[in-house]
Amino acid sequence: MVTRKNRAFYNFGKLIYLNKISPDKWKIFLQNGFDKLKIPYQIDIVDKVIELTENIPYYVQYLAFELVECGLLNNILDESTLQLALDRLLNNQEDYFFSIWEALSITQQKTLTALAFESKNIFSREFLDKHRIQTTSGVQRSIAVLIHKNLIDKQQGQYVFEDPFFKKWIRMKSSGF
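Residues numbered from 1 in each chain as written. Predicted model: local features only at pLDDT ≥ 70, side-chain atom pairs only at ≥ 80, totals over all residues. Heavy atoms only, no water.

Chemist: Explanation requested: the side chain of Ser142 in the structure shown.
Modeler: Relative to the helices and strands, Ser142 resides in helix H7 (residues 136-148). Since its relative accessible area comes to 3%, Ser142 is described here as buried. Dropping the residues within four chain positions of it, Ser142 is found in contact with Thr107, Gln108 and Thr111. (Helix = DSSP H or I, 4+ residues; strand = E, 2+ residues; numbered from the N terminus. Buried < 20%, exposed > 50% of the residue type's maximum accessible area, 1.4 Å probe, protein only. Contact = heavy atoms within 4.5 Å.)

Listed below in structure tokens is the structure:
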């Protein structure tokens, strides 16, 4: 929003990098919220929420909200309630994810699918063959487009999804739902 020339707030202010909130702080925050519900919950459910959301604040809160909604229906916050919450969340995002998916080329779709399962050695012949991608240059062009569309980002030498739920949706889609 502030780093691209074609955006309204380009160079609007000083850029600062915000680190992710530590999992320990999330645990305290989520446990306090769950305690207020006065319904039983598995203590490791908090860790699973943080893991599923890759510790990205927006997604932690989004999944936690869905989990609470489902927990109030089931009167417990456990693995099955978490799976129900995740399924509801992915179902709610289905049209959005599908519209993104349909706007991508076949090579971009293959690249994203491959990245949903692995993100190492993505330019190797083994990776290309395994994921039925023709050329390294095709992956390179796809990566550039996917970064430009804010679907993935390069962090510490690896390509990661901006939206962990889109990644999960792709994994589900590729395994036939």
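Once you've had a look at it, read on.
Chemist: I'm lost on helix H4 (residues 79-102) in this one. Help?
Modeler: Since the α-helix advances by 3.6 residues per turn, residues separated by three or four positions end up pointing in the same direction. Here H4 spans 32 Å end to end across 24 residues, near enough to the 34 Å set by a 1.5 Å rise per residue. Along H4, the helix axis deviates most sharply at Glu94, where the bend reaches about 55°. Taken residue by residue, H4 has Thr81, Leu82, Ala85, Leu86, Leu89, Leu90, Gln93, Phe97, Ile100 and Trp101 as its buried positions. Those residues of H4 that are buried lie in contact with helix H2 (45-52), helix H3 (57-74), helix H5 (106-117) and helix H8 (164-174). (Expected span 1.5 Å × (residues − 1). Bend = angle between axes of the 7 residues up to and from the residue.)

Chemist: Explain H7 to me, please; I cannot follow it from the model alone.
Modeler: In a regular helix each residue adds 1.5 Å, so 13 residues correspond to 18 Å; H7 covers 18 Å between its end C-alpha atoms and thus fits that length. Every buried residue belonging to H7 is among Gly138, Val139, Ser142, Ile143 and Leu146, and all of these are buried. Around the axis of H7, the buried residues are gathered within 135° of arc, so they sit on the same side. Facing away from the buried side of H7 by over 90 degrees, the exposed positions are Arg141 and His148. Close packing links the buried residues of H7 with H5, helix H6 (125-130), strand E1 (152-155) and strand E2 (158-161). Looking one or two residues past H7, Asn150 carries a phi angle of roughly 60°, positive in sign. (Arc of directions from axis to C-beta.)

Chemist: What am I meant to see in the packing of H2 against H4 here?
Modeler: Between two packed helices, the angle of one axis relative to the other and the distance separating the axes together describe the packing. Interaxial distance between H2 and H4 falls to 10 Å at its minimum, and their mutual angle equals 25°. Overall, the two elements H2 and H4 adopt an arrangement that is roughly parallel. Seen from above, H2 lies across H4 with right-handed handedness. Taken together, the residues of H4 that come into contact with H2 (itself represented by Ile45, Lys48, Val49 and Leu52) are Glu79, Leu82 and Leu86. (Axes fitted to C-alpha atoms, helices over the stretch in contact; angles between N-to-C directions. Parallel < 35°, antiparallel > 145°, perpendicular 65-115°, else oblique. Left-handed = near helix turned anticlockwise from the far one by under 90°.)

Chemist: Hey, could you run me through the packing of aromatic side chains in this one?
Modeler: Both the distance between ring centres and the angle between the ring planes are used here to describe each pair of aromatic rings. Counted under the stated rule, the structure contains 12 aromatic pairs. Aromatic pair Trp26 and Phe29: ring centres 5.6 Å apart, planes at 70°, arrangement edge-to-face. With Trp26 and Phe29 both in helix H1 (residues 23-37) and three residues apart, this pair spans about one turn of that helix. Given a relative accessible area of 3%, Trp26 falls into the buried group. Taking the centre distance of 5.9 Å and the plane angle of 15° together, the rings of Phe166 and Trp169 count as stacked. A residue pair is termed a helical-turn pair when its members lie 3 or 4 positions apart in one helix, as Phe166 and Trp169 do in helix H8 at three residues. Neither Phe166 nor Trp169 differs from the other in exposure class; each is buried. Through successive ring pairs, a cluster of aromatic residues spans Tyr96, Phe97, Trp101, Phe161, Phe166 and Trp169. A cation sits over an aromatic face here: Arg171 above Phe117, 5.6 Å from the ring centre. (Phe/Tyr/Trp six-rings, centres within 6.5 Å; stacked < 30°, edge-to-face > 60°. Lys NZ or Arg CZ within 6 Å of the ring centre and 35° of its normal.)

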